[in-house]
Amino acid sequence: MDKHAKIYVAGHRGMVGGAIVRQLQQAGYSNIVSRTHAELDLCNQAAVDAFFAAEKPDYVFLAAAKVGGIHANNVYRGEFIHQNLMIQSNVIDAAHRHGVNRLLFLGSSCIYPRDCPQPIREDYLLTGPLEQTNQPYALAKIAGIEMCWSYNRQYGTRYMAVMPTNLYGPGDNYHPENSHVIPALLRRAHESKLRGDTTFTVWGTGTPMREFLYCEDMAEACVHVMNLDDATYSQLLNDQQPPLLNIGTGQDITIAQLAQAVCDTVGLQAQLVFDTSKPDGTPRKLLDVSKLGALGWQAKTRFADGLQQAYRAAPFYAQ
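Residues numbered from 1 in each chain as written. Predicted model: local features only at pLDDT ≥ 70, side-chain atom pairs only at ≥ 80, totals over all residues. Heavy atoms only, no water.

Side note on the overall build of the chain
Scanning the chain from N- to C-terminus turns up 11 helices and 13 strands. For the chain, whose C-alpha radius of gyration is 19 Å, the value lies close to the compact-globule estimate of 20 Å for 319 residues. Expressed as a percentage of its 319 residues, the buried residues of the chain come to 52%. Taking contacts inside the chain between residues at least 6 apart in sequence as the whole, the part at least 24 apart equals 82%. Here the chain contributes 27 positive and 30 negative side-chain charges, whose respective centroids are spaced 2 Å apart. (Helix = DSSP H or I, 4+ residues; strand = E, 2+ residues; numbered from the N terminus. Rg over C-alpha atoms; globule rule 2.2 N^0.38 Å. Buried < 20%, exposed > 50% of the residue type's maximum accessible area, 1.4 Å probe, protein only. Contact = heavy atoms within 4.5 Å. Lys, Arg positive; Asp, Glu negative; His and termini not counted. Charge placed at Lys NZ, Arg CZ, Asp CG, Glu CD.)

If you want it as structure tokens, here you go:
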């Protein structure tokens, strides 16, 4: 990407979108375009088309999405599938019709089957049933991958889909019920510390394994992929397989280990208690990141360091 190319970051106020903007600014990109939800409703097809017609961006990072943790995914199933389908369909189609050079669609590792072989390779997509608790969200993201691939094959576009593992970091959502596991645990552990609790309750059995990626690393990976030379980038786009790339660390931990790490970060000295009446979700979800590694990128942030930075950036930290 030329330093003066016009780059549209959809979802710039979210955790990942905000991190992408910071990465681009640090790298010297000077023509970054963004819109708040109040300025541009991405579910409004006419509004999205008018925006692309007026701005004509060269590159698009599609980080806008309706997201949430296991509770939100399971409760707001209609909202998750409807809003995500609308956002990605409008942006991908408008990008094609208004000549965007490259588009990077951000998905989620929940697109893969619930009981996948581990680590999960890109070609495991659509090889088995999905996890039921987040199936609407996963199906929407799978549709986005297929849309990128279909547009590439029919229209000659150059759109990629990147599938991050579980993300965390500054700008995360700390809603007590609808957030992802790390911000939910950080908030609850912080509140438990203030109350002086001697026990700390965690959903599920504590045995599921999860991989976590710091949001700044995710953003760096996205910029790296978008900046691949034409020959390398073109090799990722073909008729035989979706234009899909995993982004992760290649390492995972149990939920019990995560809960203990959160307690250590917050300074909470409490015994872990597991509420087995709550769902565990997918047993394990570790991404195979060898494809991305071959492209010259790997995660840099140590988990303990990222967790500490996430906690210090949380809105409740100074309380």
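Here's the deal with the packing of helix α1 (residues 15-26) against helix α7 (residues 215-226)
Their axes nearest at 8 Å, the elements α1 and α7 cross at an angle of 60°. Considering their axes alone, α1 and α7 lie oblique with respect to each other. In this structure, the crossing between α1 and α7 has a hand that is right-handed. Taken together, the residues of α7 that come into contact with α1 (itself represented by Met 15, Val 16, Ala 19, Ile 20, Arg 22, Gln 23 and Leu 24) are Cys 215, Glu 216, Met 218, Ala 219, Glu 220, Cys 222 and Val 223. Class assignment for the residues of the contact of α1 with α7 results in 10 nonpolar, one polar and three charged. (Axes fitted to C-alpha atoms, helices over the stretch in contact; angles between N-to-C directions. Parallel < 35°, antiparallel > 145°, perpendicular 65-115°, else oblique. Left-handed = near helix turned anticlockwise from the far one by under 90°. Nonpolar A, V, L, I, M, F, W, Y, C, P; charged D, E, K, R; others polar.)

Focus on the sheet that holds strand β13 (residues 284-285)
Read from one edge to the other, the open sheet built from three strands follows the order β11-β8-β13, with strand pairing classed as mixed. With one partner strand each, in any of the chains shown, β11 (253-254) and β13 form the two edges of the open sheet. (Pairing = 2+ DSSP bridges.)

A closer look at the packing of aromatic side chains
For the coordinates displayed, the defined rule picks out 11 aromatic pairs. Ring centres of Tyr 168 and Phe 303 lie 5.6 Å apart, and the angle between their planes is 75°; this geometry places the pair in the edge-to-face category. Of this pair, Tyr 168 sits in strand β6 (residues 166-168) while Phe 303 sits in helix α11 (residues 303-313), and the two are 135 residues apart along the sequence. A relative accessible area of 1% places Tyr 168 in the buried class. By relative accessible area, which is 24% here, Phe 303 ends up partly exposed. Pairing Tyr 311 with Tyr 317 gives two aromatic rings, centres 4.9 Å apart and planes at 85°, and the pair type is edge-to-face. Residue classification places Tyr 311 among the buried residues on the basis of a relative accessible area of 5%. (Phe/Tyr/Trp six-rings, centres within 6.5 Å; stacked < 30°, edge-to-face > 60°.)

Notes on the environment of Asp 123
Its location among the elements puts Asp 123 in the loop between β4 (102-106) and α5 (135-155). On the basis of relative accessibility, which here comes to 45%, the residue Asp 123 falls in the partly exposed class. The spacing of Asp 123 and Tyr 112 is 11 residues in sequence and 9.4 Å in space, taken between C-alpha atoms. At a separation of 2.8 Å, a polar atom in the side chain of Asp 123 contacts the side chain of Arg 121. (Polar contact = N/O pair within 3.5 Å; in protein donor to acceptor, adjacent residues only side chain to side chain.)

Overview of the side chain of Thr 254
Within the secondary structure layout, Thr 254 lies in strand β11. A residue is classified by how much of its surface remains accessible, and Thr 254, at 18% relative accessible area, is buried. Not counting residues up to four positions away in its chain, the partners in contact with Thr 254 are Gly 206, Thr 207, Pro 208 and Met 209.

Some details on empty space enclosed by the protein
Where empty space is left in the structure can be found by rolling a water-sized probe over the atoms. On inspection of all chains with the given rule, the structure shows one cavity of 30 Å³ or more. In this structure, the largest cavity encloses a volume near 60 Å³. Taken together, 13 residues line the largest cavity, and the ones lying closest to its centre are Tyr 112, Pro 113, Arg 114, Thr 282 and Lys 285. (1 Å grid on protein atoms, 1.4 Å probe; cavity = no way out; pocket = protein on both sides within 12 Å on 5 of 7 lines; lining within 4 Å. Points joined across faces, edges and corners; volume = space filled by probe spheres on them.)

Comments concerning the sheet that holds strand β10 (residues 244-247)
Sheets are built from strands that pair by backbone hydrogen bonding, the pairs being arranged parallel or antiparallel. Taken together, the six strands give an open sheet; going across it, the order is β2-β1-β3-β4-β5-β10, and neighbouring strands pair in parallel fashion. For this open sheet the edge positions go to β2 (32-33) and β10, each flanked by a neighbour on one side alone. Pairing between β4 and strand β5 (residues 159-164): four bridges, direction parallel. For Leu 106, the partnering residue across the bridge sits in β5 and is Val 162. Packed on one face of the sheet, α5 meets β4, β5 and β10 and runs near 160° to β4.

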